[in-house]
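# Architecture and fold: a report
The primary structure of each chain is shown beneath.
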Amino acid sequence: FCLMAAPGKVAAFRLPPLPTIGEIIKLFRLKALKQLSQNFLLDLRLTDKIVKQAGELKNAHVCEVGPGPGGITRSILSAGVEQLLLIEKDARFIPGLQMLSEAAPGKVHIVHGDILTYKMEKAFPKHLKKNWEDEPPDIHIIGNLPFSVSTPLIIKWLENVSKRDGPFIYGRTQMTLTFQKEVGERLTANPGSNQRSRLSIMAQHLCTVENCFIIPGQAFVPKPEVDVAVVHFTPLVQPKIQQPFELVQKVVQSVFQFRRKYCFRGIETLFPENGRLKRTEQLMMTANVDPTLRPFQLSMSQFRNLCNAYRKMCDEDPGLFVFNYREELRQKKMRRSLVESSGQPEQTEEENQL
């Protein structure tokens, strides 16, 4: 879309002249904190490019996560949004963001808080709600996320997608977010790719995931050691695996527990030691999955079959779902320690793997 108004049409919203992002950083003596994995994006051509990936934002409601000094914020406002909610954890950035708020009267609401705990169920007006089967609502989440928070946050939001709560109580809210390049590759990896991981399955079974473009590390201040991927998510009308989020996550985590071994090795960890082999064989036969495939070779339909077969086994044995392989290992180790009098015994190969 273009921000230039066609002849005879109302011109797009324009911010008044403001200090550059670099000047804002100097003015408020801002410094990226390494412990918070902060990196500033100063090039407004790149921030415009990120915002374009979100789609048509004119008159939309947008939540920007971690706006920092406000580079992407300016690009969002220039796109002509109706309302912009800014959620910023670091108090040092609030004065600069308030300057932007004053330049766009009535459009910006600033929340000093943590996105991981912020309740997004009431973040937007009720009239924006759409049915899940309808087109996505006029609501967008955009963010240049600190690397330290990006993976836990996307897992939290994927769980919200699965349960249709949080920001997805309004419908299939779209997200445009930045990740380390490697994480972006995992999110979009196909079967057989070395980057195929737990994240690939959890994201792709719930959303259409698009790796939009890569931003070189040198575009950021300070320069991170890695390049950055811009990834766009649109929740699917129907998830590819029709099982509860917790069950899918448990199966997928177990399969990728030993990603370089045959997939049956990870699937074994779903079951208690007593009867483990028999139940693993039963699950793989029911799901029609070749036990000698590596985890990253499994297709989405094979993961769906595994989840459906595991759900059936859990329904037949209600105690199965709460079984924890790591806890079983820990208990075995404790028992061995009590038996052996001479110090700490050596770890087994499976304990070393974990």
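Bear in mind that the values here come from a model prediction, so they are computed numbers and not experimental data. (Residues numbered from 1 in each chain as written. Predicted model: local features only at pLDDT ≥ 70, side-chain atom pairs only at ≥ 80, totals over all residues. Heavy atoms only, no water.)

## Focus on the overall build of the protein
Note the threshold: Under the DSSP-based scheme used, a helix requires at least four consecutive residues in state H or I and a strand at least two consecutive residues in state E, with every element numbered from the N terminus. Between two residues, a contact is recorded if the distance between any of their heavy atoms is within 4.5 Å.
Secondary structure assignment for the protein yields 13 helices and 9 strands. Of all intrachain contacts in the protein linking residues separated by at least 6 positions in sequence, the fraction that spans at least 24 positions is 69%.

## Quick look at the UniProt feature "binding site: S-adenosyl-L-methionine" (unreviewed entry) in the protein
The cut-off we apply is this: UniProt positions are given in the numbering used here, feature names are shortened, and annotations may be inferred rather than shown by experiment. Partly exposed describes any residue whose relative accessible area lies between the buried limit of under 20% and the exposed limit of over 50%, with all areas from a 1.4 Å probe on protein chains only and scaled to the type maximum. Under this definition, polar contacts are N or O atom pairs within 3.5 Å; protein pairs additionally need one hydrogen-donor-capable and one acceptor-capable atom, and for neighbouring residues in sequence, both atoms have to be side-chain atoms.
Under the local residue numbering, the UniProt record ascribes the feature "binding site: S-adenosyl-L-methionine" (unreviewed entry) to Asn 39, Leu 41, Gly 66, Glu 88, Asp 114 and Asn 144. The residue Gly 66 is located in the loop between strand 2 (61–65) and helix 3 (71–78) in this model. Assessed through its relative accessible area of 25%, Gly 66 is described here as partly exposed. Residues contacting Gly 66, with those up to four places away along its chain left out, are Ile 87, Glu 88 and Asn 144. By the element assignment, Asn 144 lies in the loop between strand 5 (139–143) and helix 5 (147–163). With near-sequence residues (within four places) excluded, Asn 144 lies in contact with Asn 39, Leu 41, Val 65, Gly 66, Ile 72, Thr 178 and Phe 220. Within the structure, the side chain of Asn 144 is placed 2.9 Å from the side chain of Thr 178, a separation counted as a polar contact.

## Some remarks on the sheet that holds strand 6 (residues 174–180)
As a reminder of what qualifies: For two strands to count as paired, DSSP must find a minimum of two bridges between them. The angle between two axes is taken between their N-to-C directions and runs from 0 to 180 degrees, where each axis is a line fitted to C-alpha atoms and a helix contributes only its stretch in contact.
The strand order across the open sheet built from 7 strands is 4-3-2-5-6-9-7, with neighbouring strands paired in mixed fashion. With one partner strand each, in any of the chains shown, strand 4 (108–112) and strand 7 (207–215) form the two edges of the open sheet. Adjacent strand axes in the sheet meet at a mean angle of 20°, parallel and antiparallel pairs treated alike. As judged from the 8 bridges shared by strand 7 and strand 9 (residues 228–235), these two strands associate in the antiparallel manner. By the bridge assignment for strand 9, Ile 215 is matched with Val 228. Contacting strand 2, strand 5, strand 6, strand 7 and strand 9, helix 5 crosses the sheet at an angle of about 150° to strand 6.

## Thoughts on helix 11 (residues 300–316)
How we decide: A helix is expected to span 1.5 Å multiplied by its residue count minus one.
Over its 17 residues, helix 11 runs 25 Å from end to end, which matches the ideal 24 Å to within 8%, given 1.5 Å per residue. Among the structural elements, helix 7 (198–204), helix 8 (245–255), helix 9 (263–267) and helix 10 (276–287) are those in contact with the buried residues of helix 11.

## Describing the environment of His 140
With respect to the helices, strands and loops of the structure, His 140 is situated in strand 5. Residues His 140 and Glu 56 lie 84 residues apart in sequence; the distance between their C-alpha atoms is 9.9 Å. Beyond its immediate stretch of four places on either side in the chain, His 140 contacts Ala 54, Glu 56, Leu 57, Ala 60, His 61, Val 62, Cys 63, Thr 173 and Gln 174. Within the structure, His 140 has its side chain in polar contact with the backbone oxygen of Ala 54 (distance 3.4 Å).

## Section: helix 3
Three- or four-residue spacings in an α-helix give side chains the same orientation, since the helix completes a turn every 3.6 residues. With respect to burial, helix 3 is a largely interior element, 7 of its 8 residues being buried. Positioned one or two residues after helix 3, Gly 80 has a phi angle of 80°, which is positive.

## Considerations on the pattern of salt bridges
Our working definition: Salt bridges are defined as contacts in which a side-chain nitrogen from Lys or Arg sits within 4 Å of a carboxyl oxygen from Asp or Glu.
Inspection of every chain in the model, using the stated rule, returns 12 salt bridges. Among the ionic pairs, Arg 276 bridges to Glu 328, the shortest N-O distance being 2.5 Å. Placement of the pair is Arg 276 in helix 10 and Glu 328 in helix 12 (residues 325–339), with a sequence separation of 52 residues. Arg 311 is the salt-bridge partner of Asp 315, the closest N and O atoms lying 3.3 Å from each other.

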